Amino acid sequence: MHSFYVMTDLHYFEHSLGAAGEAYEARSLTDQKCIAETGAILDAAFARIAQDSDTNIVIIPGDHTFNGEPESHAAVIAKLNALRALGKQVYVVSGNHDGDHEAYAFRDAEQFTIPNVTREELKALYHDFGPAQAIAQDELCYVVQLGEGLRLLGVNYAHDIAPHLPFILEQVAAAKRDGQRIIGMMHVPVLPGSPILTLPSDATIKGGAQVAAQLADAGLPLLFTGHMHMQSVTKTTTPQGGFFIDICTGSVVGGPAMVRKCAIDAAGRMTITSAPSVTDFDWDKNGMTAEEYFIWRFERKIKHELRKMPRVVQNMKLGTIATLLCFRAPKSLRKRRLIDACADIVRRVFYGDQSYTSETPEHIFLMKVLRRCRLLVRIAQKKLAPKNAIFADLPALVSALLGKDVKIDNHCVIDLNTGEIAPLEL
Ligand SMILES: [Fe+2]
Ligand SMILES: [Fe+2]
């Protein structure tokens with residue numbers, strides 16, 4: 001039996017660089033992840049993992065720092081070394097926020113640029129957490145032997161991994177030849193965790209669908225990813241019978257602040273459970289629990305975006321919208337404001353497992369709104385579909401976004417031989 005933790009997007013920020021004042025508070029409104037609090041959160045998260053003597057492997061797929069500040073990297077590495085001193089094997093790959101990224105800090109009303117590390121410097125900084133133990137590597141990737149019969153492929157950050165696919169595919173083939181299982185980790189997802197995430201070009205790697213098909217046919221069953229700060233398990237299959245699963249995990253320091261624990265048995269069944277990254281952390285949370293604090297931060301960010309809508313629209317009750325469209329909203333939805341309903345839907349997408357399936361009042365209500373507005377929907381489809389094919393059928397897109405098909409995002413059992421994903425009742 002092999003077991004390991006997956007934690008990602010630590011986004012540590014060395015507080016002494018400057019994380020307070022009006023400029024910091026203004027920026028915080030636009031971010032679901034906590035920054036000033038990262039030291040307290042990470043110390044609590046690492047302490048929990050250190051206490052678990054059953055699991056001695058930790059893998060971290062990138063975004064170790066806020067924006068690649070050298071001081072933040074030094075502090076993260078000290079924390080990783082402390083974990084190692086307690087007997088944990090720690091393997092990491094870099095994320096987009098770790099190198100060659102504009103770094104900044106805050107003082108009073110000012111946000112100012114500070115030094116960052118380059119991608120070249122990153123390689124040396126994290127050499128001991130993967131590359132030093134590698135049985136094979138190229139400029140971007142490495143392979144380590146996680147345990148008897150199990151290898152881990154680590155792919156450092158690149159938006160386009162095409163130049164490294166030959167190495168990756170060769171390592172998958174080599175594992176097969178040697179009778180080894182191989183799993184992987186990489187920062188940016190290959191597959192979108194929600195249909196709507198096919199839209200932002202940086203939500204997945206370049207050519208994600210094609211890369212996923214190649215990995216599936218080569219026999220790499222899965223990659224653990226981060227970057228999107230969401231809980232999702234997304235599978236694709238190929239006509240040749242291959243499968244590939246992208247398992248995205250939320251940031252340790254922002255809702256859904258989760259850590260996954262995985263165990264693989266001798267038959268190749270991988271059990272995944274997800275738990276909050278911390279139960280508490282040393283910070284004044286205005287009387288909230290850690291979980292409530294993360295949800296508050298998440299909803300504050302989403303509502304900050306949604307407040308760009310005219311105020312009268314934001315505050316419109318769902319009951320009023322239904323009346324305007326000549327139908328009656330179910331009682332449970334009538335008093336809900338549009339801004340709260342939208343924030344709730346977005347939170348459910350990111351937290352996972354909380355779909356509004358087709359029989360729920362929310363799903364039925366929204367589909368009815370779209371049917372009543374079919375002329376507007378048709379105009380919008382005509383305008384948007386040439387830009388992206390997912391807009392060709394807006395009701396289908398909205399239905400999928402709400403969670404028409406139930407997804408299993410947090411706890412599951414994956415058969416690494418067949419790709420079958422089964423829910424795990426805790
Ligand atoms: Fe991140
Ligand atoms: Fe990222």
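Here the structure is a predicted model, which means the values were calculated and not measured.

What counts, and where the lines are drawn
Residues numbered from 1 in each chain as written. Chains lettered and ligands numbered in written order. Predicted model: local features only at pLDDT ≥ 70, side-chain atom pairs only at ≥ 80, totals over all residues. Helix = DSSP H or I, 4+ residues; strand = E, 2+ residues; numbered from the N terminus. Rg over C-alpha atoms; globule rule 2.2 N^0.38 Å. Contact = placed C-beta atoms within 7 Å. Pairing = 2+ DSSP bridges. Axes fitted to C-alpha atoms, helices over the stretch in contact; angles between N-to-C directions. Buried ≥ 20, exposed ≤ 12 C-beta atoms within 10 Å, placed from the backbone. Domains from an automatic or database assignment. Nonpolar A, V, L, I, M, F, W, Y, C, P; charged D, E, K, R; others polar. Core = buried A, V, L, I, M, F, W, Y, C linked by C-beta atoms within 7 Å. Expected span 1.5 Å × (residues − 1). Arc of directions from axis to C-beta.

**Quick notes on the overall build of the protein**
Helix and strand content of the protein: 14 helices and 16 strands. For 426 residues, the compact-globule estimate of 2.2 N^0.38 gives 22 Å, and the C-alpha radius of gyration of the protein, at 22 Å, lies within 12% of that figure. Each principal axis of the C-alpha atoms in the protein carries an extent, and together these give about 65 × 60 × 40 Å. Of the contacts formed within the protein by residues at least 6 apart in sequence, a portion of 68% connects residues at least 24 apart.

**Quick notes on the sheet that holds strand β14 (residues 269–276)**
Sheet strands associate in pairs through backbone hydrogen bonding, adopting either a parallel or an antiparallel arrangement. Across the sheet, seven strands lie side by side as β3-β2-β1-β13-β14-β15-β16; this open sheet has mixed pairing. Two strands bound the open sheet, and with one partner strand each, they are β3 (89–92) and β16 (421–423). If you compare each strand with its neighbour and ignore which way they point, the axes differ by 25° on average. Taken together, the two bridges between strand β1 (residues 2–6) and strand β2 (residues 57–60) define a ladder with parallel strand orientation. Paired with Tyr-5 across the two strands is Val-58, which belongs to β2.

**A closer look at the pairing of strand β7 (residues 141–147)**
Among the seven residues that make up β7, five are buried, leaving the element largely enclosed by the rest of the structure. Alignment of strand β6 (residues 136–137) against β7, held across two bridges, turns out to be antiparallel. Counted as the bridge partner of Gln-137 is Tyr-142 from β7. Linking β6 to β7, which pair antiparallel, is a turn of three residues. Here six bridges tie β7 to strand β8 (residues 150–155), and the two strands are oriented antiparallel to one another. Its bridge partner lying in β8, Gln-145 is registered against Arg-151. The turn linking β7 back onto β8 is made up of two residues, and Gly-149 within it adopts a positive phi angle of 80°.

**Describing the sheet that holds β6**
Read from one edge of the open sheet, seven strands run β6-β7-β8-β9-β10-β12-β11, paired in mixed fashion. Looking at which strands have only one partner, the edges of the open sheet turn out to be β6 and β11 (232–237). Relative to strand β10 (residues 222–225), strand β9 (residues 181–186) runs parallel, the two being bridged by two bridges. If you follow Gly-184 over to β10, its bridge partner there is Leu-223. Strand contacts of helix α5 (residues 165–177): β6, β7, β8 and β9, with the helix running at about 175° to β8, the strand carrying the most contacts.

**Description of the pairing of β1**
Examined bridge by bridge, β1 and strand β13 (residues 258–264) share five bridges and lie antiparallel to one another. Considered in β13, the bridge of Val-6 is made with Arg-260.

**What to know about the domain arrangement of the protein**
If you check the domain split of the protein, you get domain 1 (2–280 + 408–423) and domain 2 (290–402). The gap between the C-alpha centroids of domain 1 and domain 2 is 30 Å. Counting residues at the interface gives 25 residues for domain 1, matched by 19 residues for domain 2. Broken down by class, the residue content of the side of domain 1 that touches domain 2 amounts to 11 nonpolar, 11 polar and three charged.

**With respect to the environment of Gly-147**
In this structure, Gly-147 sits in strand β7. Gly-147 sits in the partly exposed class, given 17 other C-beta atoms within 10 Å. Sequence separation between Gly-147 and Lys-303 is 156 residues, and the spatial gap between their C-alpha atoms is 45 Å.

**Re the nonpolar core**
By size, the foremost hydrophobic cluster in this structure holds 93 residues, and its most contacted members are Ile-59, Leu-152 and Val-252. Both domain 1 (2–280 + 408–423) and domain 2 (290–402) contribute no fewer than three residues apiece to this core. Among residues more than four places away in sequence, those in contact with Ile-59 are Phe-4, Val-6, Tyr-91, Leu-152, Met-185 and Phe-224.

**Some points on unusual backbone geometry**
In this structure, the amide linkage connecting Gly-255 to the following residue, Pro-256, adopts the cis form with an omega of -5°. Looking at the element boundaries, Pro-256 is found in the loop between β12 (243–248) and β13. The phi torsion at His-11 lies on the positive side, around 45°, for a residue other than glycine. The topology assignment puts His-11 in the loop between β1 and α1 (22–28). Phi at His-227 is positive, roughly 70°, even though this residue is not glycine. Here His-227 shows up in the loop between β10 and β11. Judged by local crowding, His-227 falls into the buried class, with 25 C-beta atoms found within 10 Å.

**Some thoughts on α5**
With 13 residues, α5 should reach 18 Å at 1.5 Å per residue; the first-to-last C-alpha distance of 18 Å fits that figure. All of the buried residues in α5 are Phe-167, Ile-168, Gln-171, Val-172 and Ala-175. Taken around the axis of α5, the buried residues stretch over an arc of 135°, which confines them to a single face. In α5, the exposed positions angled more than 90 degrees off the buried face are occupied by Pro-166 and Arg-177.

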